Amino acid sequence: MNYPDFSPQGYQVISELGRNREGGRIAWLATDLKTSQQVVVKQFCFAQVGSNWSAYKEHEREIQVLQGLNHPGIPKYLGVLETTDGFCLIQEYKNAPNLAVQRSFDPEEIKQIAVKALEILVYLQNRIPPVIHRDIKPENILVDEQFNVYLIDFGMSRIGSQELAASSLFNGTPGFIPPEQIRKPTVGSDLYGLGATLICLLTGTKSTQMQNLSDDDDPYVINFRHLLPKLSLRFLDWLELMVKPRFKERFADAQTASDALKQLDLVRVPGVELSTSLLEFTATRLGERLRQIITVENPIPDTMLEGKWEVAPHPQDPPHTPDSHPWITVQPPQFSRHHTQCNVQVDTSKLMADKLYKRQLLLRTNADPAVYSLTVQVQTAPLPIEKRKVPYTQFAVIFLVFAVVSITISWAIAVGGDGALMVAFVGAFVGAVGGAAGGAVGGAGATRGAASGAVMGAIAVGGAGAVMVAMLKAGAGAGGVAMSGAVMVAMGWAVIVAKNMIYTFEHKSIVRRLLLLTAGLGISFGIGCIVGLFNPYILLVLAGMGLPLATMLLYPPLQRRRLIAQYRKSEERLIKP
């Protein structure tokens, strides 16, 4: 083959790289005789048959653009030389085939190519004014073995976004030019060409066959989703935005498109749907093992979900590996399927009683995102120490009732004299018999219930009977009878409360002493109200009954606190919340 002789200009042609007869353009690989470096000589032959002078404008435009560019992804402009039939553009040579040459790329490699191509476009679009290439296609993108990407052929490029002359309206490659490029290209116009180029790589479509993917109703709509079933739906959405016919629906610029792409995986990844995000366990007895089931679903077809459970580290848990936790286990610990039921087990034997524990369960998957979090909340069993509620209200009622009764009896005796005192004793005897019978019935035949009922009934009915007789003798009339009846009703309630208290508590002997002390304190207080609270004997009786009563009332909560402290001390080696 006869190569042109550029040796007078300092270049030796080695081989032909490609030609465009319609444009009268041939690209030669040559050696710079001064530096021995390989260069590209792009020859524009305007005087040849079949060529036209429109290529001259492209030649001038390319020189104008290249002179102002300095980017590793764009071959450098080295100079021009004149020939007998045109001009030659000298450029830096990159030993890399273009993407029109059939090669096999995996999805991640194609993503790498796309990111680097977008970086070049970001550089061009950040120029002032921006540079629009207008002819991005597989033939104009070079990729070497190290996946370095180069953008070539700036013959159709524009500086800024201005209206185009009629002579350049139809320049460009069908299938790679967006609708707006015919009149007024924008920075988004090159995104369309790059998106179409990526579709060629992903689908194995040649650039000359892009019309096969065009929509019948709209040639600018590229149908490609059905050809890429294994790619990520999010990436397909991104690619669809790149080739939207309306430029306002595309990414605003190359930087926005690049930022969105870097976050995506090209291969379709499975999804994760958990049946719940919170597992709540409640133990009813110490050392109980609790179980719950959580369902993991993969809603993405044609994918396989792989997952592995682990418990997130917690400062209170002893050191553990991701595969082994001291009190939380999941079965199966790892899986590879679409639908999985996992059994989460909690061993409370290693936990403190009556505490709330919260831990994070992590599911590491091959989905996007890769890690899913689940909260495990465990309420352990109550403390094995009985809660004994002291009925302070009932004791206060008994105290007040007996205080009022004693005041009333003392007043009645003072008014009625000795006869009233004798009637009071007779009434007390009758009340004792009635109270014993009532206590026996209330206690279901229990001897202790009968005895307690007898004591309370003697005081209640006897005291009330004395009041009634004394008031009648004193001529109190119907009002006095009504008042004594009210006292009897109050005393009856006191008996019922006392009976219920005795059968509510485990240590009934302690309760009986509390009742007697409360009743005695009330009687002493009532008598003191008549005789005088500062009477030394009254004060002695009040102190003698009040101090033991106060001690016995405070003892249960203090005893419980002591038992709890002892139990907590025995839990020092257990895991804390």
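Values in this document were obtained by computation on a predicted structure and should not be read as measured data.

A.B. asks: Explanation requested: the overall build of the protein in the structure shown.
C.D. replies: The number of helices and strands found in the protein is eleven helices and 18 strands. Within the span of the protein, comprising 577 residues, buried residues form 44% of the whole. By sequence separation, contacts in the protein at least 24 residues apart represent 65% of the contacts at least 6 residues apart. Approximately 29800 Å² of the protein is accessible, and the part contributed by carbon and sulfur atoms is 58%.

A.B. asks: I keep staring at the sheet that holds strand β13 (residues 306-311) and nothing clicks. Help me out?
C.D. replies: Across a sheet, paired strands are connected by hydrogen bonds in the backbone, their directions being either parallel or antiparallel. The five strands are arranged β11-β18-β17-β13-β15 in an open sheet whose pairing can be described as mixed. The sheet is open, and its two borders are formed by β11 (278-282) and β15 (334-336), each paired with just one other strand. On average, each strand axis in the sheet is inclined to that of its neighbour by 20 degrees, with strand direction left out of account. As paired elements, β13 and β15 share three bridges and run antiparallel to each other. Note that in β15 the partner of G307 across the bridge is F335.

A.B. asks: Which parts of the structure should I look at to understand the pattern of salt bridges?
C.D. replies: One side chain can pair with another of opposite charge once the charged atoms of both are near each other. What the rule picks out here adds up to eleven salt bridges. With its nearest N and O atoms 2.2 Å apart, the salt bridge here joins D237 to R225. Within this pair, whereas D237 is found in helix α4 (residues 233-242), its partner R225 is found in the loop between α3 (189-203) and α4, the two being separated by twelve residues in sequence. Overall, R225 belongs to the partly exposed group, its relative accessible area being 29%. One salt-bridge network, held together by shared partners, links R225, D237 and E240.

A.B. asks: Quick question: what am I supposed to make of the environment of N98 here?
C.D. replies: Relative to the assigned elements, N98 resides in the loop between β5 (86-92) and α2 (107-125). Looking at N98, the relative accessible area reads 21%, which means it is partly exposed. C-alpha separation for the pair N98 and Y150, spaced 52 residues apart in sequence, amounts to 8.9 Å. Within the local environment of N98, its side chain forms a polar contact with the backbone nitrogen of A100, the two atoms lying 2.8 Å apart.

A.B. asks: Quick question: what am I supposed to make of the packing of α2 against α3 here?
C.D. replies: Describing two packed helices takes the angle between their axes plus the distance from one axis to the other. Two numbers describe how α2 lies on α3: the axes approach to 11 Å, and their chain directions differ by 165 degrees. Looking at the two axes, α2 sits roughly antiparallel to α3. Relative to α3, α2 is oriented so that their crossing is right-handed. From α2, I110, A114, A117, L118 and L121 reach across to α3, where they touch D190, L191, L194, L198, L201 and L202. In terms of residue class, the contact of α2 with α3 is built from ten nonpolar, no polar and one charged.

A.B. asks: When you look at helix α11 (residues 536-570) in this model, what are you seeing that I'm missing?
C.D. replies: Turn by turn, an α-helix covers 3.6 residues, leaving residues three or four places apart pointing in a common direction. Given a rise of 1.5 Å per residue, 35 residues ought to cover 51 Å, and the 50 Å separating the end C-alpha atoms of α11 matches this to within 8%. At Y555, α11 is deflected by roughly 35 degrees, the largest bend along its length, and proline P556 occurs up to four residues later in sequence.

A.B. asks: Is there a simple way to think about the pairing of strand β18 (residues 371-379) in this case?
C.D. replies: In regular strands, side chains alternate between the two faces of the sheet. Inspection of the sheet shows β11 paired to β18 by five bridges, in the parallel sense. Within the sheet, the bridge partner assigned to L279 lies in β18 and is V376. Both strand β17 (residues 356-365) and β18 contribute to a ladder of nine bridges, which runs antiparallel. The residue bridging L362 from the neighbouring strand is S373, located in β18.

Calculation criteria
Residues numbered from 1 in each chain as written. Predicted model: local features only at pLDDT ≥ 70, side-chain atom pairs only at ≥ 80, totals over all residues. Heavy atoms only, no water. Helix = DSSP H or I, 4+ residues; strand = E, 2+ residues; numbered from the N terminus. Buried < 20%, exposed > 50% of the residue type's maximum accessible area, 1.4 Å probe, protein only. Contact = heavy atoms within 4.5 Å. Areas by Shrake-Rupley, 256 points an atom, 1.4 Å probe, with all protein chains shown as cover. Pairing = 2+ DSSP bridges. Axes fitted to C-alpha atoms, helices over the stretch in contact; angles between N-to-C directions. Salt bridge = Lys/Arg side-chain N within 4 Å of Asp/Glu carboxyl O. Polar contact = N/O pair within 3.5 Å; in protein donor to acceptor, adjacent residues only side chain to side chain. Parallel < 35°, antiparallel > 145°, perpendicular 65-115°, else oblique. Left-handed = near helix turned anticlockwise from the far one by under 90°. Nonpolar A, V, L, I, M, F, W, Y, C, P; charged D, E, K, R; others polar. Expected span 1.5 Å × (residues − 1). Bend = angle between axes of the 7 residues up to and from the residue.

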